[in-house]
Amino acid sequence: MGRLYAIEVIYRGIFQKTLATRITRSIVLAAHEEGKQGISFGRYGDSPERNGIPAKGFAIVGDDQKTLEEGMAKYEPKDVDVTIAVDDTLCKGVESWAWYGLQPVNKLLKPGGTLLVTSRQQPEAILQMAHRKETPYDLAIVKGTVSFSGLWVYKDDHTDVRILGAIAKILPGLFSLKSVQKIIVDQWNDPVKAESAARAYERISSVTVQPGQGNPEVPYKFNLPKWHEMGEGIAIPSIPAGTTMEDPATHATGGFRPDRNPTFKKYTTRTMRPVVNFDTCIKCTLCWLQCPDSCFDVTPEGLYDANMQACCGCGVCEAVCPVKECVTMVNETEFEDNASQWEAWRKDKAGYEAWLADKIKSRPERSHGFRYRGQYEEQIPEMLQVAREK
Amino acid sequence: MATATLVEEQRATDKTALITGSEAIAVACKLADVDVITAYPIRPYDTVMQYICKLVANGEMDCEYIVAEGEHSQFEIVKHACACGARVFCGSSGVGWMYAMEALTVTPALRIPMVAMVGNRALDDPGAFGVEHNDALTVRDLGWQLVWVDSAQEALDTALIAYRVSEDRRIFLPCAISCDGAFLTHSQALVKIPSQEKVNQFLPRYNRADLQLHPDNPITVAPQGNEDWVMEIRRQNYAAMERVSLVLKEAYADFDRIFGRSYGNPFFEEYETEDADIVLMGMGTLSTPVRVGIRKMRTEGKKVGFVRMRWFRPFAAADLAESLGRFKAVGVIDRDYSFGSPYMSGVLTTEVRSAMYSAPGPKPPVLGFIAGLGGREVTVPDVEKVAGAVYQAAEGKSQPLTQWIGLRE
């Protein structure tokens, strides 16, 4: 038996589908340069056509065909050498579909494995999000603006090759920088991309994460029912309509909070979330009406509170809100919990005002898809610049 | 006599009528007070839709009668109506049945107790009206209950039994009643029509309970499911099909009690098997020439019996294997084909061999015969030829495992 390597890429549906595929394919091709055998595949049960939903791709490599087959016996690897999170907000966890629960980003990492994250954050910020693990592992950050693109286009900001260069350093037994540079030029005929890989190879460094470090939250999970415990006829009882809300200050009740699917929360589907200035809201209803996920709860006084169980962070509310800075999208890394903003505002208006002003500073640099022709061409030089910074 | 009394008397009395197999099914639909019927013409099934149409037009039957724009819609409409709690009837033939295939596939998965009539017809091409069993057999793995009848009387009775079993909460699976095109669908025979009172006593109302699609019972039916769920859902259907045997036996016992007509073993019917050396097997109306042939051969001292499979799904494998173990050889006549199957035999033959393989008792040789395709007659000399080959096998002489009978060669 030779050595077996397993690498997973956790990515966001639609926006990073092509990025993830380019990474897993290139891992196999680079390893094959050195005589190894490998396969690259996306997890079939995922639906990568859903906006922002966490999904996975894998590269499995063996020193020889027999070793590779050992790794292919299970479709989704049970442990991996490297977990690549191509968006740092994925470090909050992975909720891919109903009943999946909240699975920590580092769940599949072998002891001593590496969590590789693309981010502009420092390791401390990443560890506030990533759950604690019983065994130590390494955290490495490929510094850069998180790469998002649209359904039909790919934003070639070198994130793919920078990650590949970093892997050559992290797992030197898998492939060398020379091999990965060769397949980069073979595939994309761009020596500048090969240089980006080399730069990432030189700069990547990692810190060791000890079992006590990380997000102390206990991730929620479900036990799937046995066949005879399930209802028959593929029929699912509807979710009850909903209830009124209670004002935490006055205990007055009113408004409407729809009940939501208890087995599919969207806490980790977002890369950004709306924050609401309740003092300037004119109750026009547009955010509530346009939200594709019905995420807004109606408060007793007729305000709209974005419920983080349902918000996918699409930004439609911000786009339709007619009041300046009443609804503002903020980078998801800025939040440590999913608490109600309205309740915080009701309890302490001055405190909320200060909190809001602080959050609004972190408007996301990311975008889902592009809003005008030529946007990516404008963004890419800046992203490459960020990548070159020390 | 007052009219009301006359009507009441009619309701309470059995009658005899000269009707076709299709008409018998139509009468069963009337007696079962079916709520929603969808139709789309294709021969030979279309006879049943014509008869139901006539019953509705004459004011004898009250139902929603919808002529769809094709078989796929036809089966989809009743599927949905049945999910809403309506007792439904549907049917088709040959490639019409195939055109509905997507709807036929999802119906058992959703546990819809639809009752359908298949007027068995050869699949195109060539376009032919005559009987072959391949149309109905295409759903044999999907969770449909499949039954073959050989007389108009049995068609009527089986339709009532099909509603009773399919709509049982323990089952909730669809049932297709196969009637051989022409020989059954277009031939009139004397049929005892039971009284409405007796039918009401036998057949309870369809109650979909917690699975009923209704604004007062908000449910989502048929959502997308991933690999976390599909296997458990299939296992539920497996369990439902497993329960059919028990519920079917209950229904046949009750049928006998209420209507005074016994079918014996519900799953297969034996003819002249007590002292038989060899037996022939088959499904549907070929039973007539086989029985006649057997009587002729018995006058010549040949002890031949016949086993007619009635219920193909569920397949009473253990009972059948035990019964067949009594004979020296078995000859199965298939009115179907399964090209490339084990030994190139027909579908029934392959199933019988499979049932025999794991049987604890004796395993006589099983020969397969393909006959009567496309509506060609299975004649008494054909039956004698089959029996001759089976006798050869019984005597240990080599015989091809699959033979074509009645072919120009």
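Small disclaimer: the values here were computed from a predicted structure and weren't measured.

S.K.: Looking at this model, I keep getting lost on the overall build of chain B. Mind explaining?
M.R.: Helix and strand content of chain B: 14 helices and 16 strands. In terms of C-alpha radius of gyration, chain B reaches 21 Å, essentially the compact-globule figure of 22 Å for 409 residues. Principal-axis analysis of the C-alpha atoms places the extent of chain B at approximately 65 × 65 × 40 Å. Scored against the burial criterion, the 409 residues of chain B give a buried share of 49%. Within chain B, contacts between residues separated by at least 24 positions form 81% of all contacts whose residues are at least 6 apart in sequence.

S.K.: What is the right way to look at the overall build of chain A in this model?
M.R.: Helix and strand content of chain A: 11 helices and 14 strands. Its C-alpha atoms give chain A a radius of gyration of 22 Å, near enough to 21 Å, the size a compact globule of 390 residues would have. For chain A, the spread of C-alpha atoms along the three principal axes comes to 70 × 55 × 40 Å. Sequence-distant contacts, at least 24 apart, represent 75% of the contacts inside chain A between residues at least 6 apart.

S.K.: Which parts of the structure should I look at to understand the domain arrangement of chain A?
M.R.: Often the size quoted for an interface is simply the accessible area lost on bringing the parts together. Residue and element names in this part refer to chain A. Along its sequence, chain A is carved into domain 1 (4-209) and domain 2 (235-265 + 272-360). Placing the centre of domain 1 and that of domain 2 at their C-alpha centroids yields a distance of 34 Å. Across the boundary between the two partners, domain 1 contributes 11 residues, which contact 10 residues of domain 2.

S.K.: Help me understand the interface of chain B and chain A, please; the structure alone is not making it clear to me.
M.R.: Counting residues at the interface gives 18 residues for chain B, matched by 13 residues for chain A. Residue assignment for the side of chain B that touches chain A shows that the elements contributing at least two residues are β9 (219-221) and α10 (230-259) of chain B. Take the side of chain B that touches chain A: its biggest share by element is 4 residues, from α10 of chain B. Residue classes in the side of chain B that touches chain A are distributed as 10 nonpolar, 3 polar and 5 charged. Pairing analysis gives 3 bridges linking strand β8 (residues 235-237) of chain A to β9 of chain B, with the strands arranged antiparallel. Note that in β9 of chain B the partner of Pro237 of chain A across the bridge is Ile219 of chain B.

S.K.: How should the domain arrangement of chain B be read in this particular structure?
M.R.: Residues and elements named next belong to chain B. Domain annotation of chain B identifies domain 1 (14-259) and domain 2 (269-404). With centres defined by C-alpha atoms, the gap from domain 1 to domain 2 works out at 28 Å. With 25 residues of domain 1 in contact, the opposing surface of domain 2 contributes 20 residues. Elements supplying a minimum of two residues to the side of domain 1 that touches domain 2: α7 (134-137), β6 (145-148), β7 (175-180) and α10.

S.K.: Hey, could you run me through the environment of Glu377 of chain B in this one?
M.R.: Note that Glu377 of chain B resides in the loop between β15 (366-370) and α14 (380-394). The class for Glu377 of chain B is partly exposed, based on 13 C-beta atoms found within 10 Å.

S.K.: Would you take a moment to explain the packing of helix α1 (residues 17-33) of chain A against helix α4 (residues 159-170) of chain A for this structure?
M.R.: Relative orientation and spacing of two packed helices are given, respectively, by the angle between their axes and the distance between those axes. Residue and element names in this part refer to chain A. Across the interface, α1 lies against α4 with an axial gap of 9 Å and an inter-helix angle of 40 degrees. With respect to each other, α1 and α4 are oriented oblique. Relative to α4, the crossing made by α1 is right-handed. Across the interface between the two elements, Leu19, Arg22, Ile23, Ser26, Ile27 and Ala30 from α1 touch Thr159, Asp160, Ile163, Leu164 and Ile167 from α4. Within the contact of α1 with α4, the residues separate by chemical class into 7 nonpolar, 2 polar and 2 charged.

S.K.: Honestly, the sheet that holds strand β10 (residues 268-271) of chain B in this entry has me stumped. Any pointers?
M.R.: Across a sheet, paired strands are connected by hydrogen bonds in the backbone, their directions being either parallel or antiparallel. All names here are of chain B. Taken together, the 6 strands give an open sheet; going across it, the order is β10-β12-β11-β14-β15-β16, and neighbouring strands pair in mixed fashion. The strands lining the two open edges of the sheet, one partner per strand, are β10 and β16 (402-404). Here the average twist between neighbouring strands, direction ignored, is 20 degrees. Here β15 pairs with β16 via 3 bridges, running parallel. If you follow Ile370 over to β16, its bridge partner there is Trp404.

S.K.: Hey, could you run me through α14 of chain B in this one?
M.R.: Two residues of an α-helix separated by three or four positions point the same way, owing to the 3.6 residues in each turn. Residues and elements named next belong to chain B. With 15 residues, α14 should cover 21 Å at 1.5 Å per step; its first-to-last C-alpha distance of 21 Å lies within 8% of that length. Every buried residue belonging to α14 is among Asp382, Val383, Val386, Ala387, Val390, Ala393 and Ala394, and all of these are buried. In an axial view of α14, the angular spread of the buried residues amounts to 135 degrees, which keeps them on one side of the axis. The inward-facing, buried residues of α14 contact β11 (278-282), α11 (287-299), β12 (304-309), β14 (329-334) and β15. At the exit of α14 stands Gly396, carrying a positive phi of roughly 85 degrees.

S.K.: Honestly, the sheet that holds strand β1 (residues 4-12) of chain A in this entry has me stumped. Any pointers?
M.R.: Residues and elements named next belong to chain A. If you trace the 7 strands from one edge of the open sheet to the other, you get β2-β3-β1-β4-β5-β6-β7, paired in mixed fashion. Looking at the sheet topology across the chains shown, the edges are occupied by β2 (37-42) and β7 (206-209). On average, each strand axis in the sheet is inclined to that of its neighbour by 20 degrees, with strand direction left out of account.

S.K.: Explain the nonpolar core to me, please; I cannot follow it from the model alone.
M.R.: The nonpolar side chains of a soluble globular protein tend to be buried, and buried together. Judged by nonpolar contacts, the single largest core of 127 residues is most densely connected at Ile25, Ile177 and Leu280 of chain B. Among the elements that line this core, the one with the most residues is helix α8 (residues 152-166) of chain B, at 9 residues. Counting only domains with at least three residues in this core, you end up with domain 1 (14-259) and domain 2 (269-404) of chain B. Tyr5, Tyr11, Ile84 and Val180 of chain A belong to the second largest nonpolar core, which has 60 residues in total.

S.K.: Looking at this structure, I do not really get the environment of Cys29 of chain B. What am I missing?
M.R.: Residue and element names in this part refer to chain B. As for its placement among the helices and strands, Cys29 is situated in helix α2 (residues 21-31). For Cys29, a count of 27 C-beta atoms within 10 Å puts it in the buried group. In this structure, the C-alpha to C-alpha distance between Cys29 and Gln236, residues 207 residues apart in sequence, is 29 Å. Excluding residues within four positions of it along the chain, Cys29 makes contact with Val34, Ile37, Ile52 and Phe89.

S.K.: I keep staring at the pairing of β11 of chain B and nothing clicks. Help me out?
M.R.: Side-chain direction in a regular strand flips from residue to residue, so the side chains alternate between the two faces of the sheet. All names here are of chain B. In terms of burial, β11 is largely enclosed, as 5 of its 5 residues are buried. Burial of the side chains of β11 extends over both faces: Ile278, Leu280 and Gly282 are buried on one face and Val279 and Met281 on the other. As for the winding sense of the linkage, the β-α-β connection from β11 through α11 to β12 is right-handed. Sheet topology note: the β11/β14 ladder contains 4 bridges and is parallel. Paired with Ile278 across the strands is Ala329, a residue of β14.

S.K.: Before we go on, may I ask you to explain the packing of α2 of chain B against helix α3 (residues 46-57) of chain B in this structure?
M.R.: All names here are of chain B. Orientation of α2 relative to α3, taken along the N-to-C sense of each, is 45 degrees, at an axis distance of 8 Å. Accordingly, the angle class assigned to the pair α2 and α3 is oblique. Here the hand of the crossing between α2 and α3 comes out right-handed. Facing Ser22, Glu23, Ile25, Ala26, Cys29 and Lys30 of α2, the residues of α3 in contact are Thr47, Val48, Tyr51, Ile52 and Leu55. Here the contact of α2 with α3 is composed, by residue class, of 7 nonpolar, 2 polar and 2 charged.

S.K.: Could you clarify how one ought to interpret the pairing of strand β5 (residues 109-119) of chain A in this entry?
M.R.: Residues and elements named next belong to chain A. Counting buried positions along β5 yields 8 of 11 residues, so the element is predominantly enclosed. Alignment of strand β4 (residues 80-85) against β5, held across 5 bridges, turns out to be parallel. When the bridges of β5 are listed, Ala85 appears paired with Val117. Handedness of the crossover is the feature at issue here: the chain leaves β5, passes through helix α3 (residues 123-129), returns alongside strand β6 (residues 137-143), and the resulting connection is right-handed.

Calculation criteria
- Residues numbered from 1 in each chain as written.
- Chains lettered and ligands numbered in written order.
- Predicted model: local features only at pLDDT ≥ 70, side-chain atom pairs only at ≥ 80, totals over all residues.
- Helix = DSSP H or I, 4+ residues; strand = E, 2+ residues; numbered from the N terminus.
- Rg over C-alpha atoms; globule rule 2.2 N^0.38 Å.
- Buried ≥ 20, exposed ≤ 12 C-beta atoms within 10 Å, placed from the backbone.
- Contact = placed C-beta atoms within 7 Å.
- Domains from an automatic or database assignment.
- Nonpolar A, V, L, I, M, F, W, Y, C, P; charged D, E, K, R; others polar.
- Pairing = 2+ DSSP bridges.
- Axes fitted to C-alpha atoms, helices over the stretch in contact; angles between N-to-C directions.
- Parallel < 35°, antiparallel > 145°, perpendicular 65-115°, else oblique.
- Left-handed = near helix turned anticlockwise from the far one by under 90°.
- Expected span 1.5 Å × (residues − 1).
- Arc of directions from axis to C-beta.
- Core = buried A, V, L, I, M, F, W, Y, C linked by C-beta atoms within 7 Å.
- Right-handed = clockwise from strand over helix to strand, strands pointing away.

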